[in-house]
Each structure stands twice: as structure tokens, then as C-alpha cells.
Amino acid sequence: MYAIVKAGGKQYRVEKGDTLVVDRMPDSEGSKVTLEPLLFRSENAIFEGADLAKVKVEATVQSHMRGQKIYIQKFKPKRGYKRRTGHRSELTTLEITDIKMGSSRSGSAAKPATEASSAGNATPASKASASGTSAPEAPAKKPAAAKKPAAKKPAAKASGTAAAKPAAKKPAAKKPAAKKPAPAKKDDDGS
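Please read these numbers as outputs of a predicted model, since none were measured by experiment. (Residues numbered from 1 in each chain as written. Predicted model: local features only at pLDDT ≥ 70, side-chain atom pairs only at ≥ 80, totals over all residues. Heavy atoms only, no water.)

1. A few points about the overall build of the protein chain
Right, on to step 1. When helices and strands are counted, the protein chain shows two helices and nine strands.
Right, on to step 2. In the protein chain, the succession of α and β elements from N to C terminus is β-β-β-β-β-β-β-β-β-α-α.
Right, on to step 3. Residues counted as buried form 16% of the 191 residues belonging to the protein chain.
Right, on to step 4. Taking the contacts inside the protein chain whose residues are at least 6 apart along the sequence as the reference set, 66% of them involve residues at least 24 apart.
Right, on to step 5. Taken as a whole, the protein chain presents about 16500 Å² of accessible surface, with 54% of it coming from carbon and sulfur. (Helix = DSSP H or I, 4+ residues; strand = E, 2+ residues; numbered from the N terminus. Buried < 20%, exposed > 50% of the residue type's maximum accessible area, 1.4 Å probe, protein only. Contact = heavy atoms within 4.5 Å. Areas by Shrake-Rupley, 256 points an atom, 1.4 Å probe, with all protein chains shown as cover.)

Right, dumping it as C-alpha cells:
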């Protein structure tokens, strides 16, 4: 008997008594955790999809730890570019204590076979009368409503805040005047 469970966005195959290392969970050490089953298989049954409401996978948090450090290096030749960083994952060790197959979580989900087969051939009105409620009526058509004009928003009062003041206009930028060429220097000779 085994189950496929989902923990931290990953899927794991577990059996009773297995030890599992998953991404960090917020639960404290020694607390019990229920994992979400995706598939259950025993000697005589296979459950998946909607039938998994009956399956319960329990685990105990053994410890919290950090994974091995992973180094990341970047290098671009002939440019003098080198970067080195690292990362350590936060992990939790779980021990699978029990895989149970119990009754369904919602008691109203299981119907006797005679009611289910007779209800399948009945009309919606007879189904509603059998369940003790009145059949829903078709909604009446509503007349088309005339569109209302959008209401104008009142002008903001001047409260001295920057948001209430209109933005000041900047004067147009003046172009710098073209520089006149410097007059030629006269030599001491007078020429």
C-alpha cells in the first residue's frame, strides 16, 4: 500500500514508515501534519480524483534543517566580469506515520443506489419536490433600463496640499544666443 502526496508543489511516493525531506513547512518539530493525497493504491483498490476524499496521509515533523550550499558563478571572458553567489534551501524532515482509508469527509455525498438511479430519470421539478424544496422558476425578463448620465465629480477644495494644486506651467525654454566670433587681435606692429 502506498500513496502519491503533494508537498511544497512537488509530488512524492510514500509508504507507512518512510522518511521524507520536503521544502520548509511552518509547523513546529513534533507536530502532526496531514498531506494532500493525489493517488492511493492498496492490494485491492486504487483511488484517484474524487475518491481521494476517503484517504488520509498523516506525517510527523521530525526536524528542520538547511540543505547543502549550491554555488552559482557567472563569468564573461575578456571583460573582467566575475560573480559568485550561493544558496541553501530550508528543508523539513517528515516521517509518514499512517495512511488511512476512512469514510468520506461529507456525509451527504454518499447516496443510496436506489435514490441515485431513480433521481437520474426524474425531471428537475420532481427532483426538487422529492428533496422537499420548490422548483426554481425561470427568471422574468427585465425591461431595458435607460442609461443614466455619469455624475460629475465635485472640484477638490484648496487645502494646501500638492495634490489639490494644479501643476504650475514651466516657461518655454529659450534657445541660447549664438556666440559671435571674437575680434581678431591686432599685432603690436599695427598691421
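2. Considering the pattern of salt bridges
Right, on to step 1. Under the criterion given, the structure shown has six salt bridges.
Right, on to step 2. We note a salt bridge from Arg13 to Glu15, for which the minimum N-O separation is 3.0 Å.
Right, on to step 3. Judged by its relative accessible area of 49%, Arg13 is partly exposed.
Right, on to step 4. For Glu15, a relative accessible area of 30% gives the class partly exposed.
Right, on to step 5. One salt bridge connects Glu58 with Lys100, and the closest N-O pair in it is separated by 3.7 Å. One end of the pair, Glu58, is in strand S6 (residues 55-66); the other, Lys100, is in strand S9 (residues 90-101), with 42 residues separating them in the sequence.
Right, on to step 6. Classification of Glu58 as buried rests on a relative accessible area of 15%.
Right, on to step 7. Lys100 gets classed as partly exposed once you look at its relative accessible area, which sits at 36%.
Right, on to step 8. Bridged by salt links that share partners, the residues Arg24, Arg66 and Glu90 form one connected network. (Salt bridge = Lys/Arg side-chain N within 4 Å of Asp/Glu carboxyl O.)

3. Digging into the nonpolar core
One recurring pattern in soluble globular proteins: nonpolar side chains tend to sit buried together.
Right, on to step 1. Core analysis: the largest hydrophobic core is formed by 21 residues, its most contacted members being Val14, Leu35, Val57 and Leu94.
Right, on to step 2. Elements supplying a minimum of two residues to this core: strand S1 (2-7), strand S2 (10-14), strand S3 (19-23), strand S4 (32-41), S6 and S9.
Right, on to step 3. For this core, the element with the highest residue contribution is S6, accounting for four residues.
Right, on to step 4. Discounting residues that sit within four places of it in the chain, Val14 has contacts with Tyr2, Ala3, Val5, Leu20, Val57, Ile96 and Ile99. (Core = buried A, V, L, I, M, F, W, Y, C linked by side-chain atoms within 4.5 Å.)

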